[in-house]
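# Observations on the model geometry
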Amino acid sequence: VEDIPSGQKYLVSVMQAMLDCVKMELHYRKYLSEEEEVRHIRPYAVKEFAKRWYIVAFSEEAGALRVYAMDRILALSPTGEKFRMPKDFQVDDLFEASYGIYLPEADPVLVRLRTTRREAAYLMDLPLHPGQVFLGEEGDHCLFALRVIPNPNFVMELCRHGNRLEVLEPESLRRQVRDELSKALKLYE
């Protein structure tokens, strides 16, 4: 098991607060911010993504669900005040069409991909997303489709595959990936 250093300090206390339905006071600093934020949260779930732990919580200040990276927590403590977990809350359903830790803010789109045969073997063993479907072979390539909400985590994942994966559609996602890869290439010119 890989070491996940981020947030281990708070993982047990967050899970205990979830089990006990106890609100927490969160002192948090976003990346690229000098300001410390204080939030009162109702922790609903924890989620691991890309070697980081996150809290999925209802923020009383925002009046909405938020995702907080545990490695950016400055302090966290239970308030002793109870809350009721929504009966219909299912963390898997919440992130069903999303990728990574982004809460869904748009409708999912059909994404079609072409990969090398070798990359296809990896994607069949470890799909990009639970909804990924193998469409078949096309010459020396393989085709996949999935319904997902494109977000920065998904774009980064597609870029990570380099020249072994091509976004066929939607055109807007294809342009995003192309632009990110072009920016990376310019660093080496």
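This text goes with the structure placed above it.
Here the structure is a predicted model, which means the values were calculated and not measured.

### Structural notes on the overall build of the chain
Helix and strand counts for the chain stand at five helices and nine strands. Its C-alpha atoms give the chain principal-axis dimensions of about 60 × 40 × 35 Å. Here the chain holds 189 residues, and the buried ones make up 40% of them. Long-range contacts, defined here as pairs at least 24 residues apart, represent 59% of the contacts in the chain between residues at least 6 apart. On the chain, roughly 11,800 Å² of surface is accessible, and the fraction owed to carbon and sulfur atoms is 52%. Here the chain contributes 26 positively and 31 negatively charged side chains, and the mean placements of these two sets differ by 1 Å.

### What about the layout of surface pockets?
One number sums up the size of the largest pocket: a volume of about 1,100 Å³. Phe49, Tyr54, Tyr99, Ile101 and Asn153 are, among the 35 residues lining the largest pocket, the residues nearest its centre. At the level of elements, β2 (37-49), β3 (52-59), β4 (64-69), α3 (117-125) and α4 (152-160) are the ones that each hand at least two residues to the lining of the largest pocket. Considering every element that reaches the lining of the largest pocket, the biggest residue donor is β4, with five residues. Looking at the lining of the largest pocket residue by residue, the classes come out as 20 nonpolar, four polar and 11 charged. Considering only enclosed or pocket space, the second largest pocket measures out at about 300 Å³ in volume. Looking at the lining of the second largest pocket, the elements that each hand over two or more residues are β2 and α2 (91-94). For the lining of the second largest pocket, the element with the most residues is β2, which contributes four residues. A per-class count over the lining of the second largest pocket returns eight nonpolar, three polar and four charged.

### Points about helix α1 (residues 8-20)
Over its 13 residues, α1 extends 19 Å from the first C-alpha to the last, a length consistent with the 18 Å expected when each residue adds 1.5 Å. Residues of α1 that are buried: Tyr10, Leu11, Val14, Ala17 and Met18. Each buried residue of α1 sits inside an arc of 140 degrees when the element is viewed along its axis, so together they form one side. Summarising the geometry of α1, the exposed residues directed more than 90 degrees from the buried face are Val12 and Leu19. Against β1 (22-28), β2, β3 and β5 (73-82) lie the buried residues of α1. Among the residues trailing α1, cysteine 21 stands out with phi positive, at a value near 55 degrees.

### Some details on the side chain of glutamate 157
Residue position: glutamate 157 is located in helix α4. Discounting residues that sit within four places of it in the chain, glutamate 157 has contacts with Tyr99 and Leu128.

### Let's talk about the pairing of β4
Inspection of the sheet shows β3 paired to β4 by six bridges, in the antiparallel sense. Within β4, the position partnered with isoleucine 55 by the bridge is tyrosine 68. The antiparallel hairpin formed by β3 and β4 contains four residues in its connecting segment, where glycine 63 sits at a positive phi of about 70 degrees.

Definitions and limits used
- Residues numbered from 1 in each chain as written.
- Predicted model: local features only at pLDDT ≥ 70, side-chain atom pairs only at ≥ 80, totals over all residues.
- Heavy atoms only, no water.
- Helix = DSSP H or I, 4+ residues; strand = E, 2+ residues; numbered from the N terminus.
- Buried < 20%, exposed > 50% of the residue type's maximum accessible area, 1.4 Å probe, protein only.
- Contact = heavy atoms within 4.5 Å.
- Areas by Shrake-Rupley, 256 points an atom, 1.4 Å probe, with all protein chains shown as cover.
- Lys, Arg positive; Asp, Glu negative; His and termini not counted.
- Charge placed at Lys NZ, Arg CZ, Asp CG, Glu CD.
- 1 Å grid on protein atoms, 1.4 Å probe; cavity = no way out; pocket = protein on both sides within 12 Å on 5 of 7 lines; lining within 4 Å.
- Points joined across faces, edges and corners; volume = space filled by probe spheres on them.
- Nonpolar A, V, L, I, M, F, W, Y, C, P; charged D, E, K, R; others polar.
- Expected span 1.5 Å × (residues − 1).
- Arc of directions from axis to C-beta.
- Pairing = 2+ DSSP bridges.

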